[in-house]
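The residues making up each chain are set out below.
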Amino acid sequence: MSAAEAANAAIDHLESMSTLQPDLSEQYQNLVNLYQKKLWHQLTMSTLEFVSVPSATLRTTAEGINSYHALFEKVILPIDKKINQLNLARIASLVAFSLLDDPPYKDGVAARSILENLLEKRDRLGPAAALYAEARLGLLGLTVLARSGEALTTESSVKALESTKEAITKGRSVLAELADTESEAAIVHSAFYETAMTYRKAVGPPEAYYREAIQYVAYTNLSELSQEERYNIGTDLSLAALTGEGVFNFGEVVAAPALQCLEGTELSYLGELLSAGARGDVHGFQRVADSNAEAIQKQPTLVSRAEAVKEKITLLALVNMVFERPSLERTLSFEDISDRVGVPLDQVEWVIMRALSLNLIKGTMDEVEQTVDVSWVMPRALTNKQMTELATRFGEWAVKVSQTQDYMMEHTGALLNQ
């Protein structure tokens, strides 16, 4: 088909859809005008906006075909060389996912073919668009697998998961190179981490899910997600932070917009638990746990890892105790530690050894004097209250430096004459 014939076919399709769907006539006529004027960037962005709301704009053609698929095949693909390749990949992804809700295509074969065919033009796509398409293809496969209800241990499931894992591993190195070289890198990062997050939600462990999910929320405008999606991410991220091995930076989650999605819901206690943990407030954590004991019993991960969560909060209490002390006053007695972290005196040594082994703190312990001298504490995201306390401490330090400077200036002559 010649370029002129393709253009006529595209315009004919848009005008026929405008007539077939009167409530969408304005949108289709806008696409016609942009196509005729060869305003490819505006056409791409208008199409991207159009296919982003399937609840309002997804229909079927006169032939009974998915209207997004027809739009992609008849309008977008014939001009694919003329438009931004990342936006092309984004449109292709939205079209592919729309097919999953059509009964004939629920197996995902047609949906996958859209992205697979696009990836055959990898060289023209460039690294950003190609990685985006690969990430969305992986997410598509995970979505089909989840909807099928098939056990993850079957041969086909294991094969699909292994393929997704390989794609994630391969894509991570490409992703690192995009950070400073692509103006739209955030879009690609968001897509990549959504796939990695979804994969880890399926196979675990929770700490691996946490690492991917915290990156996803950092690169994603959560306001663009549905309320249900925000709620699910907030829930999963909170549970992963609480139960994930080696996850101690609760301040990251407390500050994340995703956690706000749980406010006013039956799971708001998860945010309260994380806030107490971030402060190192053992007693506050226990109060929240006791008052929500029945709800916590409905969360299998919290129940099965209850002892690990308790240990984590104990260690965070020690970390915060050290942080709250001035840098020159970080020799802590076992008795003070026992009071703060809520463990018997004879268990304090174990708590210190555990914190040292996990690199939460560095220092030396004197078992005879029953003290620990801490020289370093784990860096982490701080709450607003902790930031205020840190600012106050900096202010006190600045005053001491100024006083020392004044003293030196006043006595320098006397010191030199001695």
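Fair warning: this is a prediction, and the values are worked out from it, not measured in the lab. (Residues numbered from 1 in each chain as written. Predicted model: local features only at pLDDT ≥ 70, side-chain atom pairs only at ≥ 80, totals over all residues. Heavy atoms only, no water.)

Describing unusual backbone geometry
Here comes step 1: Omega for the bond connecting Gly204 with Pro205 falls within 30 degrees of zero, at -10°, which places this linkage in the cis form.
Here comes step 2: Mapped onto the fold, Pro205 is located in the loop between helix H10 (185-203) and helix H11 (206-219).
Here comes step 3: Residues other than glycine seldom take positive phi values, yet Asn359 does so here, at roughly 60°.
Here comes step 4: Residue placement: Asn359 occurs in the loop between helix H21 (348-357) and strand S2 (361-366).
Here comes step 5: The exposure class of Asn359 is partly exposed, given its relative accessible area of 46%. (Helix = DSSP H or I, 4+ residues; strand = E, 2+ residues; numbered from the N terminus. Buried < 20%, exposed > 50% of the residue type's maximum accessible area, 1.4 Å probe, protein only.)

Considerations on the sheet that holds strand S1 (residues 331-333)
Here comes step 1: Ordered in space as S1-S3-S2, the 3 strands form an open sheet in which the pairing is antiparallel. Single-partner strands in this sheet number two, and they are S1 and S2. Averaged over neighbouring strand pairs, the angle between their axes works out to 30° when direction is ignored.
Here comes step 2: Strands in contact with helix H20 (residues 334-341) are S1, S2 and strand S3 (371-377); relative to S1, the strand with the most contacts, it is inclined by about 75°. (Pairing = 2+ DSSP bridges. Axes fitted to C-alpha atoms, helices over the stretch in contact; angles between N-to-C directions. Contact = heavy atoms within 4.5 Å.)

Digging into the pairing of S3
Here comes step 1: Taken together, the 3 bridges between S1 and S3 define a ladder with antiparallel strand orientation. For Leu332, the partnering residue across the bridge sits in S3 and is Val372.
Here comes step 2: As judged from the 6 bridges shared by S2 and S3, these two strands associate in the antiparallel manner. Note that in S3 the partner of Thr364 across the bridge is Asp373.
Here comes step 3: Between the end of S2 and the start of S3, which pair antiparallel, lie 4 residues, with Gln370 showing a positive phi angle near 55°.

Description of the pattern of salt bridges
Here comes step 1: Counted according to the given criterion, the structure contains 12 salt bridges.
Here comes step 2: The salt bridge partner of Arg147 is Asp101, with a shortest N-O separation of 3.3 Å. Highlighted residues: Arg147 in helix H8 (residues 122-148) and Asp101 in the loop between helix H6 (85-99) and helix H7 (109-119), separated in sequence by 46 residues.
Here comes step 3: The class for Arg147 is exposed, based on a relative accessible area of 55%. (Salt bridge = Lys/Arg side-chain N within 4 Å of Asp/Glu carboxyl O.)

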